[in-house]
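The lines below spell out each chain.
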Amino acid sequence: MDQQTTVKQGLAERLLAGQTTALARAISVIEGNRPAARDLLKAIRPHLGKAVVVGFTGPPGAGKSTLVNAYIQEMRKRGKTVGVVAVDPSSPITGGAVLGDRIRMAEHVMDNGVFIRSLASRGHLGGLSASAARVADLMDAAGFDIVILETVGAGQSEVEMAEIADVKIVISAPGLGDDIQAIKAGILEIADVLVVNKSDLPLAKRTVQQLQAMLGLRAASDWEIPVLSTNAIDRSGVQELADAVTQKAELNGTKSNRSAIEGRTRRLLAQMVAKLAQEHVLADKSPATTAIITALQEADLDLQDAARDILKQMNESLPK
Ligand SMILES: Nc1nc2c(ncn2[C@@H]2O[C@H](COP(=O)(O)OP(=O)(O)OP(=O)(O)O)[C@@H](O)[C@H]2O)c(=O)[nH]1
Ligand SMILES: [Mg+2]
């Protein structure tokens, strides 16, 4: 066995034993996209699926980080360990929030049961959601009971990232202008739990009612999406939030590791397939594709049939 292999195996073993230094190192290996990354992921694969991955998504400034902080504290009280993957918001509205996050989360610094890691939102080969999912896997392997993904729900990639989570919390706050519209446009579809944070603000009740009205239009299912009110600063409503997350995780059967991991992997694969298909359609100037586009323009084909034709065609044309 060469020396490099020994080092790698050592890292996976130390990670699985829950050593924080090994986790930090493993994250750098994954982020650096080194050849060692694949071996490491392979080594931990059989041990995944114990953590519940919880997504906190919402518009900039809704109070996600403050609420994550309050949720961490609540789960620590319940004896759970918590890992956090926070994607740098770099939002113009609350620029400097990353520093704020560090200060806020500093209260957990001395706690071995909490591990917080920020991911830059740029420069991830294979996409941000793939990187975030891998870091979440590492935290899962290191034995954290809960892994939180905090993302700004502003664009497609953030929605994709939130989708990886087993339980998806969508956070809004009153007075953010178009936030209800933004939620309507994309992230409401993925929510398991809706939270109106900043319940101390005057318009909070109205925001709750608006969200409830929107939910009323949805088809019934086995999980009724709760609309909760929280004040992340004085922490009221946080216990109810923690209860709702736990209930949803239990309903998911997150305890059966295989299905949780399979679900997560399936969603990641679906995203990558969609991405490749998109790139293909946008770049492919072949006569066959152009013919499909023309037929679509002239209403000789409907959109879904056109998409099916493209998928069939891609089968032959994708680079190996
Ligand atoms: N009044 C009130 N303010 C809050 C509450 N929760 C958070 N805030 C404040 O709202 C501001 C934004 O909070 P953050 O937790 O940084 O929000 P965020 O959603 O993480 O922001 P980004 O990471 O930039 O997307 C901060 O000034 C918080 O102190 C709340 O429940 N009530
Ligand atoms: Mg934040």
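The model shown is predicted, which means the values in this text are computed figures rather than measured ones. (Residues numbered from 1 in each chain as written. Chains lettered and ligands numbered in written order. Predicted model: local features only at pLDDT ≥ 70, side-chain atom pairs only at ≥ 80, totals over all residues.)

Q: When you look at the nonpolar core in this model, what are you seeing that I'm missing?
A: Nonpolar side chains tend to gather and get buried jointly when the protein is soluble and globular. In this structure, Leu15, Ala26, Val54, Val85, Leu138, Met139 and Ile148 are the most contacted members of the largest nonpolar core, which totals 67 residues. Examining the composition of this core, we find that seven residues originate from one element, helix H6 (residues 128-141), more than from any other. Two domains share this core, each providing at least three of its residues, namely domain 1 (1-47) and domain 2 (49-254). Ignoring any residue separated from it by four or fewer positions in sequence, one finds Ala26 in contact with Leu11, Leu15, Leu40 and Leu138. (Core = buried A, V, L, I, M, F, W, Y, C linked by C-beta atoms within 7 Å. Buried ≥ 20, exposed ≤ 12 C-beta atoms within 10 Å, placed from the backbone. Helix = DSSP H or I, 4+ residues; strand = E, 2+ residues; numbered from the N terminus. Domains from an automatic or database assignment. Contact = placed C-beta atoms within 7 Å.)

Q: Which parts of the structure should I look at to understand the confidence of the model for the protein?
A: If pLDDT is low for a region, its predicted coordinates should not be looked at in detail. Averaged over the protein, the pLDDT score is 81; the fraction of residues at 70 or greater is 76%. Confidence, expressed as mean pLDDT per element, reaches its minimum in the protein at helix H5 (residues 97-105) with 48 and its maximum at strand S7 (residues 227-229) with 96. The model gives residues 90-100 a pLDDT under 50, and that stretch makes 14 contacts with residues more than four places away or in other chains. (pLDDT = per-residue confidence, 0-100.)

Q: Got a minute to help me understand the packing of helix H4 (residues 64-77) against helix H10 (residues 238-252) in this structure?
A: The relative placement of two packed helices comes down to the angle between their axes together with the axis-to-axis distance. At their nearest, the axes of H4 and H10 sit 10 Å apart, and the two run at 70° to each other. With respect to H10, the element H4 is oriented roughly perpendicular. For the pair formed by H4 and H10, the contact residues are Ala70, Tyr71, Glu74 and Met75 on the first element and Val238, Gln239, Leu241 and Ala242 on the second. By residue class, the composition of the contact of H4 with H10 is six nonpolar, one polar and one charged. (Axes fitted to C-alpha atoms, helices over the stretch in contact; angles between N-to-C directions. Parallel < 35°, antiparallel > 145°, perpendicular 65-115°, else oblique. Nonpolar A, V, L, I, M, F, W, Y, C, P; charged D, E, K, R; others polar.)

Q: Teacher, can you tell me more about H4 here?
A: Three or four residues apart is the spacing at which side chains of an α-helix point the same way, because the helix has 3.6 residues per turn. An ideal rise of 1.5 Å per residue puts 20 Å on 14 residues; H4 measures up with 20 Å between its terminal C-alpha atoms. In terms of burial, H4 is largely enclosed, as ten of its 14 residues are buried. Of all the residues in H4, the buried ones are Lys64, Ser65, Thr66, Leu67, Val68, Asn69, Ala70, Tyr71, Ile72 and Met75. With its phi angle positive at about 85°, Gly79 sits one or two positions after the end of H4. (Expected span 1.5 Å × (residues − 1).)

Q: How should the pairing of strand S6 (residues 193-196) be read in this particular structure?
A: Sheet faces and side chains relate simply in a regular strand, where the side chains alternate between the two faces. The two faces of S6 match: Val193 and Val195 on one face and Leu194 and Val196 on the other face are all buried. Taken together, the four bridges between strand S5 (residues 167-172) and S6 define a ladder with parallel strand orientation. Paired with Val170 across the bridge in S6 is Leu194. Across three bridges, S6 lies against S7 in parallel orientation. Looking at the pairing, Val196 lines up with Ser229 of S7. Crossover connection from S6 via helix H9 (residues 204-215) to parallel S7: handedness right-handed. (Pairing = 2+ DSSP bridges. Right-handed = clockwise from strand over helix to strand, strands pointing away.)

Q: I tried to follow the packing of helix H2 (residues 20-31) against helix H3 (residues 35-44) on my own but got confused; where do I start?
A: Packing of H2 against H3 leaves a shortest axis separation of 7 Å and a crossing angle of 125°. Comparing their axes, H3 and H2 come out oblique. As for the relative orientation of H2 and H3, their crossing is left-handed in sense. Within the contact between the two elements, H2 uses Ala26, Val29 and Ile30 and H3 uses Ala36, Ala37 and Leu40. (Left-handed = near helix turned anticlockwise from the far one by under 90°.)

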